[in-house]
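# Observations on the three-dimensional arrangement
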Amino acid sequence: MTEEGTRRLEAYLTARPKLSEAQRDQVRELFLSYFHSEDAVEEEIDLPGWSQGFVDTMTDRYFEDVELIRNIPGVTVIG
């Protein structure tokens, strides 16, 4: 999220302390959709021995793990 978006989000949430956690999550998602930063979304990292295939496999496993975590009773995943 851009710095401006982060400041505006913090101000918005501070001014509305009675929002439920679900409402606060919705507000965060909305602010992210308006103030996302393309620079923060993708970063070029050059690591010796890490091929694109390896990175793709690790990415797939990450999303599989997140899905397992999402299904744990009592866990709330934001995003």
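Here, the structure is the one placed above.
This is a predicted model, so every value here is computed, not measured. (Residues numbered from 1 in each chain as written. Predicted model: local features only at pLDDT ≥ 70, side-chain atom pairs only at ≥ 80, totals over all residues. Heavy atoms only, no water.)

## With respect to the packing of aromatic side chains
On inspection of all chains with the given rule, the structure shows four aromatic pairs. Ring plane angle 75 degrees and centroid distance 5.3 Å describe the contact between Tyr62 and Phe63, whose orientation is recorded as edge-to-face. Comparing Tyr62 with Phe63, the two get one shared label, exposed. Three or more aromatic residues joined by ring pairs make a cluster, and in this case those are Tyr12, Phe31 and Phe35. Taking NZ or CZ as reference, Arg16 lies 3.6 Å from the ring centre of Tyr12, over its face. (Phe/Tyr/Trp six-rings, centres within 6.5 Å; stacked < 30°, edge-to-face > 60°. Buried < 20%, exposed > 50% of the residue type's maximum accessible area, 1.4 Å probe, protein only. Lys NZ or Arg CZ within 6 Å of the ring centre and 35° of its normal.)

## Side note on the environment of Val27
Looking at where Val27 falls in the secondary structure, it is placed in helix α2 (residues 21-35). Sequence separation between Val27 and Gly49 is 22 residues, and the spatial gap between their C-alpha atoms is 40 Å. For Val27, the contacting residues outside a window of four places in its chain are Leu9, Tyr12, Leu13 and Leu19. (Helix = DSSP H or I, 4+ residues; strand = E, 2+ residues; numbered from the N terminus. Contact = heavy atoms within 4.5 Å.)

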